[in-house]
Amino acid sequence: MARPITLFTGQWADLPFEEVARLAGEWGFDGLEIASWGDHLDVSRHADADYVAGRKAILEQNGLQVWTISNHLVGQAVCDDPIDARHRGILPDRVWGDGEPEGVRQRAAEELKDTARMAKALGVKTVTGFTGSSIWKTVAMFPPVPDEMVEAGYQDFADRFHPILDVFEEQGVRFAMEVHPSEIAYDYWTAQRMLDAIGQRESFGLNWDPSHMVWQQVDPVGFIVDFADRIYHVHCKDSKVQVGNGRNARLSSHLAWADPRRGWDFVSVGLGDVPWQRCFRALNSIGYDGPLSVEWEDAGMDRLVGAPAALEFVRENAVEPSAAAFDAAFSSARD
């Protein structure tokens, strides 16, 4: 079977899960990467057999499967400092509690453990997500940042994620961290440092999403090749760089998505600067056979138009490797 193409439901959580499954099935997606927010998936109900069976039934009714679930929003709170009003807007009440920062972090860690248990209950082997970061606030390097502070940030990440990964390993599930600004790893070198900090544990890998790389001028193809053994999941998402007019800047000036004054913006797959053909061929070269998950984010386009168009783009461009070398036929000339 060709690699399945799935729809990440995170940007559709304002709709009931049944409606998103219906749309994805009608458009022709193979499955869903189910987000653990909205009403899509309540990971605290991992031991509720009827609830789990109900989620599976909705998928089956729409001709869909599930290979991956996500808990990006709760994962963000595991290491973040500060914990503030931004987090209140993305966390369930049971994780937010009274809002005391360390309590929020600890409850977020427990929720990630439950996410691994829900993955097992659904028969899923991979959870995608974020980690948060206690040192993202220092990225501008001013006031000057002591090396010890940066090192402490990576140690904080490791201390908080090792117990989480213990549960993931007990459940036979992997965590695929999305390299992304505001996380402990946001580019090439920080990804290396993150994996070293966690001791290269096999249960901790990467969700490859090139949309966060191209505007930072990180080569998404080289990233695939160099982190070949850690690419556990793939997001198909695109971004367009919009600098060069002497006004737009890469950090985008606190401007909203789709504002033409931004230095870059998310766009539908195929409309941006990601070199998709090279990327898909690189994924072939490392033997990646997991889902290609469309994470549709384009504030300048109707999602009911953009999502099925993104599916068609991925279907047409995600070439499969050849079953035979083209020059193998040359040997027939001797016959």
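Attention in this report is confined to the structure presented alongside it.

Rules and cut-offs
Residues numbered from 1 in each chain as written. Predicted model: local features only at pLDDT ≥ 70, side-chain atom pairs only at ≥ 80, totals over all residues. Heavy atoms only, no water. Salt bridge = Lys/Arg side-chain N within 4 Å of Asp/Glu carboxyl O. Helix = DSSP H or I, 4+ residues; strand = E, 2+ residues; numbered from the N terminus. Phe/Tyr/Trp six-rings, centres within 6.5 Å; stacked < 30°, edge-to-face > 60°. Buried < 20%, exposed > 50% of the residue type's maximum accessible area, 1.4 Å probe, protein only. Lys NZ or Arg CZ within 6 Å of the ring centre and 35° of its normal. Contact = heavy atoms within 4.5 Å. Core = buried A, V, L, I, M, F, W, Y, C linked by side-chain atoms within 4.5 Å. Pairing = 2+ DSSP bridges. Axes fitted to C-alpha atoms, helices over the stretch in contact; angles between N-to-C directions.

**Points about the pattern of salt bridges**
Part 1 of the reasoning: Scanning the model with the defined rule gives 27 salt bridges in all.
Part 2 of the reasoning: Here Lys-137 and Asp-81 are joined by a salt bridge, their closest N and O atoms 3.0 Å apart. Of this pair, Lys-137 sits in the loop between β4 (126-129) and α7 (147-171) while Asp-81 sits in the loop between α3 (72-79) and α4 (85-88), and the two are 56 residues apart along the sequence.
Part 3 of the reasoning: One salt bridge in this structure joins Asp-156 and Arg-160, with 2.9 Å as the shortest N-O distance. Residue Asp-156 and its partner Arg-160 are located together in helix α7, separated by four residues, close to a single helical turn.
Part 4 of the reasoning: Several salt bridges share partner residues, and in doing so they unite Asp-81, Glu-102, Arg-105, Lys-137, Asp-156 and Arg-160 into one network.

**Here we look at the packing of aromatic side chains**
Part 1 of the reasoning: Counting across every chain of the model gives 19 aromatic pairs.
Part 2 of the reasoning: Centroid distance Trp-257 to Trp-264: 5.5 Å. Interplanar angle 70°. Geometry classified as edge-to-face.
Part 3 of the reasoning: Residue Trp-257 is classed as partly exposed on the basis of its relative accessible area of 45%.
Part 4 of the reasoning: Among the aromatic side chains, those forming a connected cluster through ring pairs are Phe-157, Phe-161, Phe-168, Phe-175 and Phe-204.
Part 5 of the reasoning: Positioned above the aromatic ring of Phe-266, the side-chain terminus of Lys-237 is 4.1 Å from the ring centre.
Part 6 of the reasoning: The ring of Trp-264 is capped by Arg-262, whose NZ or CZ atom sits 5.0 Å from the centre of that ring.

**Quick notes on unusual backbone geometry**
Part 1 of the reasoning: The omega angle of the peptide bond from Asp-81 to Pro-82 is 10°, so this bond is cis rather than trans.
Part 2 of the reasoning: Residue Pro-143 follows Phe-142 across a cis peptide bond; omega there is -5°.
Part 3 of the reasoning: Even without a glycine there, the phi angle at Ser-182 is positive, about 90°.
Part 4 of the reasoning: Tracing the backbone through its elements, the reader meets Ser-182 in the loop between β5 (174-178) and α8 (188-197).
Part 5 of the reasoning: A positive phi is found at Ser-252, a non-glycine position, where the angle reads about 70°.
Part 6 of the reasoning: Of note, Ser-252 is situated in the loop between β8 (238-241) and β9 (264-267).
Part 7 of the reasoning: We classify Ser-252 as buried; its relative accessible area is 1%.

**Quick word on the environment of Met-301**
Part 1 of the reasoning: As for its placement among the helices and strands, Met-301 is situated in the loop between β10 (292-294) and α11 (303-317).
Part 2 of the reasoning: Discounting residues that sit within four places of it in the chain, Met-301 has contacts with Ser-268, Leu-271, Trp-296 and Gly-306.

**Some remarks on the environment of Ala-191**
Part 1 of the reasoning: You can see Ala-191 is positioned in helix α8.
Part 2 of the reasoning: Sequence spacing of Ala-191 and Arg-201 is ten residues, and the spatial spacing of their C-alpha atoms is 14 Å.
Part 3 of the reasoning: When residues no more than four places from it in sequence are discounted, the contact partners of Ala-191 are Val-179, Ala-185, Phe-223 and Phe-227.

**Here we look at the nonpolar core**
Taken as a class, soluble globular proteins show a tendency for nonpolar side chains to be buried jointly.
Part 1 of the reasoning: Core analysis: the biggest nonpolar cluster contains 90 residues, and Ile-69, Phe-161, Met-194, Phe-204, Trp-208 and Phe-223 have the highest contact counts within it.
Part 2 of the reasoning: No other element matches the nine residues that α7 contributes to this core.

**Some points on the sheet that holds strand β3 (residues 65-70)**
Part 1 of the reasoning: Pairing is parallel around the closed barrel formed by eight strands, whose spatial order is β1-β2-β3-β4-β5-β6-β7-β10. Each strand axis lies, on average, 30° off the axis of its neighbour in the sheet, ignoring direction.
Part 2 of the reasoning: Two elements, β5 and strand β6 (residues 204-208), share four bridges in a ladder whose sense is parallel. Paired with Met-177 across the bridge in β6 is Leu-206.
Part 3 of the reasoning: Taken strand by strand, α3 contacts β1 (5-8), β2 (31-35), β3, β4, β5 and β7 (231-236), and its axis lies near 65° from that of β4.

**Here's the deal with the environment of Leu-64**
Part 1 of the reasoning: Note that Leu-64 resides in the loop between α2 (49-61) and β3.
Part 2 of the reasoning: Looking at Leu-64, the relative accessible area reads 5%, which means it is buried.
Part 3 of the reasoning: The sequence separation of Leu-64 and Pro-321 amounts to 257 residues, and the corresponding C-alpha distance is 25 Å.
Part 4 of the reasoning: Contacts of Leu-64, omitting those with residues within four sequence positions, involve Ala-21, Ala-24, Gly-25, Phe-29, Asp-30, Gly-31, Leu-32 and Leu-59.

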